[in-house]
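Below are the chains, spelled out letter by letter.
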Amino acid sequence: MYRILPIFLIIASLGFVMFSNAEEGDSFSPYVDSEGNISRPTDFREKWAYLGSWVHPEDLKSGMHNVYAEPGVAQKYKANGGKFPDGAVLIKEVLSEASQDMTTGKGVLYSKDTVLWFVMVKDEKGRFKDNPKWGDGWGWAQFLAENPSVDVAVDYKKNCLGCHIPAKGTDWIYTYGYPVLNSK
Ligand code: HEC
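Keep in mind that what you see is a predicted model, and the values were worked out from it rather than measured.

### Remarks on the nonpolar core
- Of all hydrophobic cores here, the largest spans 21 residues; its most connected members are F84, L90, W138, W140, I173 and Y178.
- Every element with two or more residues in this core is listed here: β2 (64–69), α3 (73–79), β6 (138–144) and α4 (156–164).
- Ignoring any residue separated from it by four or fewer positions in sequence, one finds F84 in contact with V73, Y77, L90, K122, E124, W138, D171, I173, T175 and L181.
- One finds I38, W48, V119 and F128 within the second-largest nonpolar core, a separate group that totals 16 residues.

Here it is in structure tokens:
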């Protein structure tokens, strides 16, 4: 009995550790599976918080970039002194734009058809070290409108990071373009 009890305790605690790790992987984000594959959020226009837009007036084919964050992310970012919470998901929707003269002004630009989406998932713990779509504190993904369920990003260092270097000091995110993150 005295010999069996410690063995039983070891097995029971091992089982608990394995179970709780699996639980953590599953609950990290509804958009990330256990291997770190990222899926595209589909209800962000209706349900997420709008952060801001980048408008490229000379690129009507893909010049409207609208950025959204999961509900609660902006509040937590501000409460944490400008830090994105673990699991935070951001999406940038890239659309074509149209221009027209309106009662408000000339050459008004507005959003038309979706071209692609960029998705980032905050990962404080470096969960997917062997997955080339994860690193520098984020998971990085890209989906094209013609095949919206397939992440076409292969390696974030090649596909994404170089262009985000100017925003390195703000955790790779161009935060100065998002009024809700900067307002007091
Ligand atoms: C050609 C340069 C370039 C590439 C390549 C690029 N980005 Fe960006 N990204 C930017 C710039 C600049 C912005 C903000 C201004 C804009 O959209 O015009 C931005 C904004 C974003 C945003 C909105 C949040 C933020 O950082 O402000 C997300 C999300 C994003 N990019 C994800 C990605 C992912 C994921 C990849 C790779 C799959 C990627 N980007 C590749 C330059 C780039």
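### Points about the packing of aromatic side chains
- Tallied over the entire structure, the rule returns 13 aromatic pairs.
- For the ring pair Y31 and W48, a centre distance of 5.9 Å and an interplane angle of 70 degrees mean the geometry is edge-to-face. Taken together, the residues span a long stretch of sequence, with Y31 in the loop between α1 (4–27) and α2 (44–47) and W48 in the loop between α2 and β1 (49–55) at a distance of 17 residues.
- Ring centres of Y77 and F84 lie 4.6 Å apart, and the angle between their planes is 45 degrees; this geometry places the pair in the tilted category. Like F84, Y77 is buried.
- The cationic tip of R40 hangs over the ring face of W117; the distance from NZ or CZ to the ring centre is 3.9 Å.

### Topic: the pairing of β6
- Of all the 7 residues making up β6, 6 are buried; the element is thus mostly covered by neighbouring parts of the structure.
- Where strand β4 (residues 105–122) meets β6, 7 bridges bridge the pair, whose relative direction is antiparallel. Across the sheet, the residue bridging to K122 is W138, located in β6.
- Two strands pair when backbone bridges link them, and strand β5 (residues 134–135) and β6 are joined in this way by 2 bridges, in the antiparallel orientation. Pairing of W134 across the sheet is with G139, part of β6.
- In sequence, β5 turns back onto β6 through a hairpin of 2 residues, with D136 there showing a positive phi of about 55 degrees.
- Here 2 bridges tie β6 to strand β7 (residues 147–151), and the two strands are oriented antiparallel to one another. The residue of β7 that forms the bridge with L144 is N147.
- The hairpin turn running from β6 into β7, its antiparallel successor, is 2 residues long.

### Considerations on the pattern of salt bridges
- Overall, the coordinates contain 8 salt bridges when judged by the stated rule.
- Close ionic contact of K47 with D43 constitutes a salt bridge, the shortest N to O distance being 3.9 Å.
- Here D86 ties to R127 by a salt bridge, and the two come within 2.8 Å at their closest N and O atoms. Of the two residues, D86 is situated in the loop between α3 and β3 (89–102) and R127 in the loop between β4 and β5; the sequence distance between them amounts to 41 residues.
- The exposure class assigned to D86 is partly exposed, which follows from its relative accessible area of 30%.
- By relative accessible area, R127 is classed as partly exposed at 23%.
- One salt-bridge network, held together by shared partners, links D86, D123 and R127.

### Regarding the side chain of Q142
- Residue position: Q142 is located in strand β6.
- Leave out the neighbours within four places in its chain, and Q142 touches L116, W117, F118, V150, D151, V152 and A153.

### Details of the site of the ligand
- Around the ligand lies a shell of 19 residues, among which K92, C160, C163, H164 and Y178 are the nearest.
- H65 places a side-chain nitrogen or oxygen 2.7 Å from an oxygen atom of the ligand.
- With respect to the ligand, the side chain of H164 contributes an N or O atom lying 2.9 Å from a nitrogen atom.
- Counting only elements with at least two residues in the shell around the ligand, the list comes to β2, β4, β6 and α4.
- The biggest single contributor to the shell around the ligand is α4, with 4 residues.
- Its residues assigned to classes, the shell around the ligand shows 13 nonpolar, 5 polar and 1 charged.

Rules and cut-offs
- Residues numbered from 1 in each chain as written.
- Predicted model: local features only at pLDDT ≥ 70, side-chain atom pairs only at ≥ 80, totals over all residues.
- Heavy atoms only, no water.
- Core = buried A, V, L, I, M, F, W, Y, C linked by side-chain atoms within 4.5 Å.
- Buried < 20%, exposed > 50% of the residue type's maximum accessible area, 1.4 Å probe, protein only.
- Helix = DSSP H or I, 4+ residues; strand = E, 2+ residues; numbered from the N terminus.
- Contact = heavy atoms within 4.5 Å.
- Phe/Tyr/Trp six-rings, centres within 6.5 Å; stacked < 30°, edge-to-face > 60°.
- Lys NZ or Arg CZ within 6 Å of the ring centre and 35° of its normal.
- Pairing = 2+ DSSP bridges.
- Salt bridge = Lys/Arg side-chain N within 4 Å of Asp/Glu carboxyl O.
- Near = heavy atom within 4 Å.
- Polar contact = N/O pair within 3.5 Å; in protein donor to acceptor, adjacent residues only side chain to side chain.
- Nonpolar A, V, L, I, M, F, W, Y, C, P; charged D, E, K, R; others polar.

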